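# Results of the structural survey
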Amino acid sequence: MEVRQMWDGGPKRQVAMERSKSEHSMGFIPYGSEGLFAGQYVCDKCERLVPGLYRVNGGCGQVSWLCAGCKDELGPKQEQPEGLRRHREAK
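As a starting point, this report considers the structure included with it. (Residues numbered from 1 in each chain as written. Predicted model: local features only at pLDDT ≥ 70, side-chain atom pairs only at ≥ 80, totals over all residues. Heavy atoms only, no water.)

### With respect to the overall build of the protein
We apply this condition: Strands are runs of DSSP state E lasting at least two residues, helices are runs of H or I lasting at least four, and both sets are numbered from the N terminus onward. The buried label goes to any residue with under 20% of its type's maximum accessible area, the exposed label to any with over 50%, and the partly exposed label to all in between, with areas taken from a 1.4 Å probe on protein chains only. Residue contacts follow a heavy-atom distance rule, with two residues in contact if any of their heavy atoms lie within 4.5 Å. Residue exposure ignores everything except the shown protein chains as possible cover, and the areas themselves are Shrake-Rupley values with a 1.4 Å probe.
The helix and strand inventory of the protein stands at one helix and seven strands. Mapped from its N terminus to its C terminus, the protein presents α and β elements in the order β-β-β-β-β-β-β-α. Counting over 91 residues, the protein shows a buried share of 24%. Across the protein, the fraction of contacts at a sequence separation of at least 24, relative to all contacts at a separation of at least 6, is 27%. Just so you have it, the protein exposes about 7600 Å², and 50% of that area is on carbon and sulfur atoms.

Following this line, the structure appears as C-alpha cells:
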C-alpha cells in the first residue's frame, strides 16, 4: 500500500494495486482507469488515516487537507467587524 495525492492540490489517500481480503483493505473503492483502489484519507498535518478531510485555505493560495482535530487546532475564524456584517431585516 502507498499514499498518493489524488490530483494536483488534492487530498492524499491510501492506494492499493489490488483489493485483498484482509481487514486493512476494507473500505477500499475502485479508483481511476489504472485499476487502483483508494482507501482512507491522510491528513496533511498529522499524517493519520482518517475517513474524511477538510479543505483549508492558507495564505498565498496554499491549500491543506486536514482532519477534524488538526482543523480545530487552528482555532475559530476571525469575526467580521460589526460594521461589515449583513443584517437581516425583521419581518
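Structure shown, so let's carry the discussion forward.
### Structural notes on the side chain of Gln14
Mapped onto the elements, Gln14 comes out in strand β2 (residues 12-16). Ignoring sequence-local partners within four residues, the contact set of Gln14 consists of Met1, Glu2, Phe28, Phe37, Ala38, Gly39, Gln40, Val42 and Leu49.

### Regarding the packing of aromatic side chains
Using the following cut-off: Only Phe, Tyr and Trp rings are paired, with Trp represented by its six-membered ring, and only when their centres lie within 6.5 Å; those with planes under 30 degrees apart are stacked, over 60 edge-to-face, the remainder tilted. Criterion for a charge above a ring: Arg CZ or Lys NZ at most 6 Å from the ring centre, at most 35 degrees from the ring normal.
Going through the model one piece at a time under the given rule, you end up with one aromatic pair. Residues Trp7 and Trp65 carry aromatic rings whose centres are separated by 6.4 Å and whose planes lie at 85° to one another, so their mutual orientation is edge-to-face. In this pair, Trp7 sits in the loop between β1 (2-5) and β2 while Trp65 sits in strand β7 (residues 63-66), placing the two residues 58 residues apart along the sequence. One Lys or Arg, Arg13, reaches over the ring of Tyr41 and ends 4.2 Å from the middle of that ring. Its guanidinium or amino end placed over the ring of Tyr54, Lys71 lies 4.7 Å from that ring's centre, counting from NZ or CZ.

### Concerning the nonpolar core
Cut-off, in case you're wondering: Residues grouped as a nonpolar core are buried Ala, Val, Leu, Ile, Met, Phe, Trp, Tyr and Cys residues, joined through side-chain atoms within 4.5 Å.
Counting residues in each nonpolar core, the largest one holds eight residues, listed as Cys43, Val50, Leu53, Val56, Trp65, Leu66, Cys67 and Cys70. Beyond its immediate chain neighbours, meaning those up to four positions away, Cys70 contacts Cys43, Lys45 and Cys46.

### Some points on the pattern of salt bridges
Our working definition: A side-chain nitrogen of Lys or Arg and a carboxyl oxygen of Asp or Glu constitute a salt bridge if their distance falls within 4 Å.
Applying the stated criterion across every chain yields a total of four salt bridges. In this structure, the salt-bridge partner of Glu2 is Arg4, at a minimum N-O distance of 3.2 Å. Overall, the relative accessible area of 28% leaves Arg4 in the partly exposed class. With a shortest N-O distance of 3.8 Å, Lys71 and Asp72 are connected by a salt bridge. Exposure remark for Lys71: the relative accessible area of 29% places this residue in the partly exposed category. Owing to a relative accessible area of 55%, Asp72 belongs among the exposed residues under this scheme.

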